[in-house]
Amino acid sequence: MNKKAFGNKLVASPYIVWSAIFIVVPLIIMVYFSLTDQNGAFTLANISDIGKYKKAFGISILYAAVATLITLVLAYPMAYFMTKLNISSQRMLFMIVMIPMWMNFLIRTYSWITILANTGLINTFLSKLGLGPLRLINTPGAVILGMVYDFIPYMILPLYSVMSKLDKSLLEAAEDLGSDAFTKFRRVLFPLSKPGMISGITMVFVPSVSTFYISQKLGGNKTMLIGDTIEYFFNLGPTYYNIASAISLVLMVMILVCLFIMNRCGGNDEDGGVLM
Amino acid sequence: MKLLSRLYIALIILFLYAPVAVMIVFSFNSSSSVWVMGGFSTRWYEGLVKNTVMLSALEHTLIIALLSAIISTVLGTAAAVGITAIRNRIAKKAVMSVTQIPMMNADIVTGISLMLLFIFFGKLIGLDESLGFATVLIAHITFNLPYVILSVIPRLRQTDAHLSEAAMDLGCTPVKAFFKVILPSISTGIVTGFIMAFTLSLDDFVISYFTCGHYQTLPIVIYNMTKKSVTPDTYALSTLIFITVFVLLILYNILQTKSEKKRTEIRRV
Amino acid sequence: MEKENIVELKNISVAFDGEQVLDGLNLDIVDGEFITLLGPSGCGKTTTLRLIAGFLEPDTGDVLFEGKKINGVPAYKRQVNTIFQRYALFPHLNVYENIAFGLRVKKRPESEIKEKVAEMLKLVNLTGLEKRHTDTLSGGQQQRVAIARAIANHPKVLLLDEPLAALDLKLRKDMQKELKKIQQQLGITFIFVTHDQEEALTMSDRVVVMDSGRIQQVGTPQDIYNEPRNAFVADFIGESNIVDGKMLKDYYVEFSGQKFDCLDKGFAAGESVDVVVRPEDVDIVEPEKGMLKGVVTSVAFLGVHYEIIVDIGGFKWMIQTTDEHFAGDSVGLYIEPDAIHIMKKSEYSGLYGDYSSYSEEIDHLSDAEEEEP
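Criteria and thresholds
Residues numbered from 1 in each chain as written. Chains lettered and ligands numbered in written order. Predicted model: local features only at pLDDT ≥ 70, side-chain atom pairs only at ≥ 80, totals over all residues. Pairing = 2+ DSSP bridges. Helix = DSSP H or I, 4+ residues; strand = E, 2+ residues; numbered from the N terminus. Contact = placed C-beta atoms within 7 Å. Nonpolar A, V, L, I, M, F, W, Y, C, P; charged D, E, K, R; others polar. Axes fitted to C-alpha atoms, helices over the stretch in contact; angles between N-to-C directions. Expected span 1.5 Å × (residues − 1). Buried ≥ 20, exposed ≤ 12 C-beta atoms within 10 Å, placed from the backbone. Domains from an automatic or database assignment. Parallel < 35°, antiparallel > 145°, perpendicular 65-115°, else oblique. Left-handed = near helix turned anticlockwise from the far one by under 90°.

## As for the pairing of strand E16 (residues 292-301) of chain C
Residues and elements named next belong to chain C. For E16 and strand E19 (residues 330-335), the ladder comprises four bridges, and the chain directions are antiparallel. Residue pairing in the sheet places Lys 293 in a bridge with Gly 332 of E19. When E16 meets strand E17 (residues 306-312), the two strands line up antiparallel, connected through six bridges. Directly across from Ala 300, in E17, lies its bridge partner Glu 307. Taking the residues that link successive antiparallel strands as the turn, the E16-E17 hairpin has four residues, and the phi of Gly 303 there is positive, at about 95 degrees.

Pasting the structure below:
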């Protein structure tokens with residue numbers, strides 16, 4: 001029997017038109033810009049120039065991957081411990097984790113300069129102890145820290161929502177069948193929290209790999225990430241829109257390939273894919 | 001073990017809130033440095049009132065957030081209803097895949113592609129400066145839509161299909177049945193979608209950056225300021241925003257707990 | 001050969017948030033028996049099971065396994081396995097891997113796992129479903145996977161936490177027989193938790209009736225039914241009329257204003273007691289021939305017999321009879337001495353065994369029926 005749906009599919013048509021114009025067409029135009037020069041003549045030069053930026057691509061992927069891994073390692077126990085609390089504390093913590101997301105991320109990132117700078121809070125404190133100063137700001141570590149900090153809520157929340165829906169008796173069943181704490185984690189908790197991990201990894205990796213603000217503020221101008229490269233060309237003016245599109249296009253394809261591979265490895269359905 | 005997990009949670013919270021605390025503390029700094037604490041002062045809060053650039057940016061941000069949230073909620077709710085009514089599996093899958101593109105894509109790619117679209121069509125109709133209020137609004141609606149749709153669709157799925165049949169059986173027209181029966185039962189999804197759209201729009205920097213032209217929103221102004229050096233008035237404004245959000249969320253939480261309690265009490269009676 | 005105790009619970013108390021869930025519980029469980037913990041929800045039966053499984057530690061008291069204290073031994077080191085209320089099958093694993101779970105954790109060789117799983121599947125009649133995902137199975141099949149998964153580990157004791165509660169009536173009856181068969185085949189101890197008295201009586205070697213965190217009575221199903229120790233047990237197990245009585249001397253009791261011969265002794269002369277008479281043990285006779293006289297107030301036809309309510313001096317008795325009577329008839333009741341069972345007064349005296357509110361009780365029962373999801 002077919003489940004009856006209410007309403008008419010026609011009410012979706014304004015949206016379908018909208019998404020065609022503002023989602024699909026822009027991507028087509030981006031492809032068009034990538035494959036033309038500034039006069040509109042067809043060229044492959046933009047694409048073949050991508051090789052020049054392989055260092056930026058490499059660093060971006062490396063930093064984003066490290067940041068995502070650290071985020072996962074930090075967020076996983078947090079989400080798990082949250083599920084162990086009573087319901088009202090759980091809800092409170094959920095809010096506490098979410099609130100920083102409502103803050104402007106530029107300011108949140110910028111505050112780290114106050115903490116990490118050569119004359120910042122940590123170094124002031126260290127010098128009072130007669131130590132330091134440590135070089136904290138303008139290092140790859142600071143950039144990665146910024147990524148972890150800005151995006152960790154996006155990892156905690158999906159992990160938490162998957163874990164909190166998990167039937168507690170599954171963990172008991174695993175223990176009952178002889179699993180110690182580690183085996184319980186490896187054979188039951190980990191595989192069952194995969195959907196949450198996949199959406200968490202996606203939501204941390206994608207903005208990390210494409211960021212251009214964090215690297216400028218916390219990394220100094222030494223580290224050109226791929227986002228910085230795109231922004232740089234964008235600011236140079238219309239002449240450089242073609243190369244900027246080509247880099248964006250490659251970035252997009254690369255991210256899609258990463259996501260595709262990850263979803264395959266996860267081998268799971270779309271459950272838990274939504275943040276809230 | 002319990003102690004250890006509490007400690008861990010506390011450390012993560014400390015990590016999450018350390019920069020926020022720094023920001024709040026330095027917004028009360030009497031000197032204009034965001035490095036060295038001079039003394040306590042509220043001069044940056046007083047100065048905010050006179051900072052016309054920042055205030056007009058705040059106004060722009062609120063206008064864009066409100067408008068884009070309203071439009072995307074209406075458009076997105078209609079879309080969700082329509083999409084659930086699509087029977088053809090391939091068509092449905094195609095629509096859903098397109099819907100997910102702005103969520104999956106990096107903001108910078110979405111921003112650049114929209115910018116190119118606006119410039120491309122601007123040239124076609126002979127505009128020199130095509131970026132501005134309209135383009136930011138369109139961009140915000142576009143990236144808000146998927147979040148609205150994806151928070152309404154699950155609610156629609158949970159809604160009993162017989163509800164609207166029952167309403168029509170009792171004399172409602174299909175349209176009336178939708179507004180009287182279906183809409184109330186998916187209202188939580190719509191509200192969630194609206195709140196998400198509003199806050200995403202409020203906070204967006206990257207996509208606005210590429211599509212705003214001279215119509216500067218608050219994140220853009222802040223970005224331009226941090227390019228030079230930040231003065232504590234930015235911190236003061238952010239502190240005000242933070243406290244507003246904090247209070248609203250706590251209130252929302254309290255109200256929700258109360259209504260839930262009421263509901264369980266009613267159930268018990 | 002005298003069987004040994006496999007599990008002993010010594011003076012166990014457990015409280016949750018200041019609420020006493022188990023209160024000084026003592027219980028010996030004999031190796032190889034099928035023992036059932038029976039009681040209403042909240043009586044502490046599941047808590048008892050979780051203590052044995054190792055998911056919970058007692059506040060005071062000891063849990064002994066084969067004579068050794070196992071307090072503090074984590075669940076994964078205990079030689080007991082559990083069948084959970086809603087089965088707790090791993091959703092990310094198929095039937096084969098679910099059953100193989102315990103063996104894999106113990107790092108058994110692949111060939112042994114294969115052999116063992118095949119054996120288990122055969123035992124629970126699921127051969128051929130190895131590759132199926134657990135969410136594609138029916139409730140009964142899931143139940144069988146849960147059984148196979150638990151016993152693949154060769155536990156010495158199997159704990160079953162209301163395993164049949166989610167099944168419909170017909171399937172439940174079949175599984176009762178099957179579980180009993182599996183228990184006899186394997187010869188391991190089954191500790192079964194249920195709130196269904198009929199299930200407890202048909203399956204068990206011994207039944208432990210619990211209420212308010214205390215054991216009310218332990219015995220064979222026959223003992224429990226025929227010789228209930230107090231009004232709670234008498235009422236919880238089957239139907240019973242419980243009236244106030246006075247022991248006049250050994251083998252002689254007075255209740256409902258009449259004196260009766262009975263088979264009980266050992267009470268003080270003149271001691272107040274509770275008297276239990278099962279509805280099926282009362283004969284209805286002509287009013288003048290009856291030991292007690294009363295008026296029929298309601299009649300319900302149940303197929304095998306009638307259940308009629310008779311008002312005797314304001315106390316309503318339930319009587320099961322195969323003869324038809326009508327509301328308003330005057331009848332006499334005849335009770336054989338061996339149908340009368342005398343119990344000491346307890347905290348439960350006066351709470352149960354009167355059928356004045358009988359129709360409400362039926363409503364209440366039909367409310368409790370499981371709803372299909």
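## A look at the interface of chain A and chain C
Listed as interface residues are 15 residues of chain A and, on the opposing side, 16 residues of chain C. Every element with two or more residues in the side of chain A that touches chain C is listed here: helix H8 (168-176) and helix H9 (181-192) of chain A. Tallied by class, residues from the side of chain A that touches chain C come to six nonpolar, four polar and five charged.

## Things to note about the sheet that holds strand E5 (residues 68-69) of chain C
Residues and elements named next belong to chain C. The four strands are arranged E2-E1-E4-E5 in an open sheet whose pairing can be described as antiparallel. Sheet topology places strand E2 (19-30) and E5 at the edges, where each strand pairs with a single neighbour. Sheet topology places strand E1 (residues 5-16) next to strand E4 (residues 60-65); five bridges connect them, and they run antiparallel. When the sheet's bridge partners are listed, Leu 9 is paired in E4 with Val 63. Packing of helix H1 (residues 45-53) onto the sheet brings it into contact with E1, E2 and E4, and relative to E2 it is tilted by some 60 degrees.

## Examining the interface of chain A and chain B
With 69 residues of chain A at the interface, the matching set in chain B holds 66 residues. Elements with a contribution of two residues or more to the side of chain A that touches chain B: helix H1 (13-34), helix H3 (54-83), helix H4 (87-98), helix H5 (105-116), helix H10 (194-209), helix H12 (226-236) and helix H13 (241-266) of chain A. Tallying contributions element by element places H1(A) first for the side of chain A that touches chain B, with 14 residues. Residues of the side of chain A that touches chain B, tallied by class, amount to 50 nonpolar, twelve polar and seven charged.

## Section: H10(A)
Each α-helix turn comprises 3.6 residues. Residues three or four places apart therefore point the same way. Its 16 residues give H10(A) an end-to-end C-alpha distance of 21 Å, which sits within 8% of 22 Å, the value for a rise of 1.5 Å per residue. The element H10(A) is extensively covered by neighbouring structure, given that 14 of its 16 residues are classed as buried.

## Considering the domain arrangement of chain B
Residue and element names in this part refer to chain B. Per the domain assignment, the segments making up chain B are domain 1 (1-27 + 42-50 + 231-269) and domain 2 (53-230). Using only C-alpha atoms to locate each centre, domain 1 and domain 2 end up separated by 26 Å. Each partner contributes to the interface: domain 1 provides four residues, whereas domain 2 provides four residues. Class assignment of the residues belonging to the side of domain 1 that touches domain 2 gives a composition of two nonpolar, two polar and no charged.

## Quick word on the packing of helix H2 (residues 95-105) of chain C against helix H4 (residues 139-151) of chain C
For any two helices packed against each other, one specifies the crossing angle of their axes together with the interaxial distance. All names here are of chain C. Packing of H2 against H4 leaves a shortest axis separation of 7 Å and a crossing angle of 30 degrees. One element, H2, and the other, H4, form an angle in the roughly parallel class. Taken as a pair, H2 and H4 cross one another with a handedness that is right-handed. For the pair formed by H2 and H4, the contact residues are Val 95, Asn 98, Ile 99, Phe 101 and Gly 102 on the first element and Val 145, Ala 148 and Arg 149 on the second.

## Description of the packing of helix H3 (residues 52-85) of chain B against helix H11 (residues 218-227) of chain B
Residue and element names in this part refer to chain B. Two elements in contact, H3 and H11, have axes separated by 7 Å at closest approach and are oriented at 145 degrees. Contacts from Val 53, Met 54, Ala 57, Leu 58 and Thr 61 of H3 reach H11 at Leu 218, Ile 220 and Val 221. Looking at the contact of H3 with H11, its residues break down into seven nonpolar, one polar and no charged.

## Structural notes on the domain arrangement of chain A
All names here are of chain A. Looking at the assigned domains, one finds that chain A contains domain 1 (9-43) and domain 2 (54-266). A C-alpha centroid distance of 31 Å is found between domain 1 and domain 2. The interface of domain 1 with domain 2 comprises seven residues on the first partner and seven residues on the second. Here the side of domain 1 that touches domain 2 is composed, by residue class, of three nonpolar, three polar and one charged.

## Some thoughts on the arrangement of the chains
Ranked by contact count, the leading pair among the two pairs of chains in contact consists of chains A and B. In this assembly chain B lies apart from chain C, the nearest approach of their C-alpha atoms being 15 Å.

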